[in-house]
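Each chain, written out:
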Amino acid sequence: LPVILGRKGWIKFEGREGTPGTGKSTLACELAQKTNLKYVNIGEIAKEQELYEGWDDTYQCPVLDEDRVIDELDDVMKDGGNIVDYHSCEFFPERWFDIVFVLRTDNTILYERLENRGYSGKKLEDNIQCEIFQTILEEARDSYKHEIVHELMSNTPEELEDNLEKISTWIQQYSMHSGL
Ligand code: DAT
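Throughout this description, residue numbers start from 1 for each chain and increase along the sequence as written. Residue-level local features of this predicted model are given only where pLDDT is at least 70; pairs of side-chain atoms are given and counted only at 80 or more, and the full residue set underlies all totals for whole chains, interfaces and linings. Derived side-chain values reflect all non-hydrogen atoms in the structure, with water molecules and hydrogen atoms excluded from consideration.

**Student:** For this particular structure, what's the right way to read the nonpolar core?
**Tutor:** Most often, soluble globular proteins have nonpolar side chains that are buried together. Buried residues of nine kinds, namely Ala, Val, Leu, Ile, Met, Phe, Trp, Tyr and Cys, make up a nonpolar core once their side-chain atoms join them within 4.5 Å. Note on exposure labels: buried denotes an accessible area under 20% of the residue type's maximum, exposed denotes more than 50%, and partly exposed covers the range between, all computed with a 1.4 Å probe on protein chains only. Residues Ile-42, Val-69, Leu-73, Phe-92, Phe-97, Tyr-144 and Val-149 are the most contacted members of the largest nonpolar core, which totals 25 residues. Helical segments are the DSSP runs of H or I of at least four residues, strand segments are the runs of E of at least two, and each set is numbered from the N terminus. The set of elements that each furnish at least two residues to this core consists of α2 (42-49), α3 (66-79), β6 (99-104) and α6 (135-143). Here the element with the most residues in this core is α3; it accounts for four residues. By size, the runner-up hydrophobic cluster in this structure holds 16 residues, among which are Ile-83, Leu-103, Ile-167 and Tyr-174.

**Student:** Explain the pairing of strand β4 (residues 61-64) here, please?
**Tutor:** Sheet faces and side chains relate simply in a regular strand, where the side chains alternate between the two faces. Where strand β3 (residues 52-56) meets β4, four bridges bridge the pair, whose relative direction is antiparallel. Paired with Asp-56 across the bridge in β4 is Cys-61. For two strands to be treated as a pair, DSSP must find no fewer than two bridges joining them.

**Student:** Please explain the site of the ligand as it appears in this structure.
**Tutor:** Near the ligand lie 15 residues; those nearest to it are Gly-21, Lys-24, Ser-25, Thr-26 and Arg-117. The definition of a polar contact used here is a pair of N or O atoms within 3.5 Å, where within protein one atom must be able to donate a hydrogen and the other to accept one, and adjacent residues in sequence count solely through side-chain atom pairs. With respect to the ligand, the side chain of Arg-113 contributes an N or O atom lying 3.4 Å from a nitrogen atom. A distance of 3.3 Å separates a nitrogen atom of the ligand from a polar backbone atom of Pro-157. If you list the elements that add at least two residues to the shell around the ligand, you get α1 (24-34) and α7 (157-178). Broken down by element, the residue count for the shell around the ligand peaks at three residues, all from α1. Under the grouping applied here, Gly and all other residues not named as nonpolar or charged are polar, the nonpolar ones being Ala, Val, Leu, Ile, Met, Phe, Trp, Tyr, Cys and Pro and the charged ones Asp, Glu, Lys and Arg. Taken together, the residues that form the shell around the ligand break down as three nonpolar, nine polar and three charged. If even one non-hydrogen atom of a residue comes within 4 Å of a molecule or strand, that residue is called near it.

Pasting the structure below:
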């Protein structure tokens, strides 16, 4: 993993459309425990504060009010030192992040994880399609500088450990160089 120096020490994880299964929450929570960074789960904050603007009939889930999410979080994000966990990224201000990780999972493994989560039918199929077409990776590359977007495989517990190790090392080096 290349070391990228920037100003603020913000990190973001991406999975794929529809929240589920690539291991964002698992990795981000363990990383927050291992470092002194704060875990920020956008889905949970939106739920607690009802930052919604409607209901999606197709996917049977609330629609995020992106402008309100940005307003609510801007102060916290300005302070830096946050690990942000969400499955989409193009609507966040670019200045919020110094590095973006997109977690990837093989389709057969992902299919099982989503089934275990109770997904079926169109919702399951669409999420798998989304992974096949690398939708989130491309969205991240379109929204942030290419050099700060990193793809990480997240199929096995070994890969999880490996990702934790790589990102912790990056954080240490980043902190040293940026004086955080
Ligand atoms: P997300 O936050 O992206 O929706 P999660 O962290 O809740 O995903 O993980 C989904 C499930 O997969 C959960 O049961 C933990 C498991 N998991 C996550 N990362 C994994 C990995 N690298 N290897 C094996 N299982 C993993």
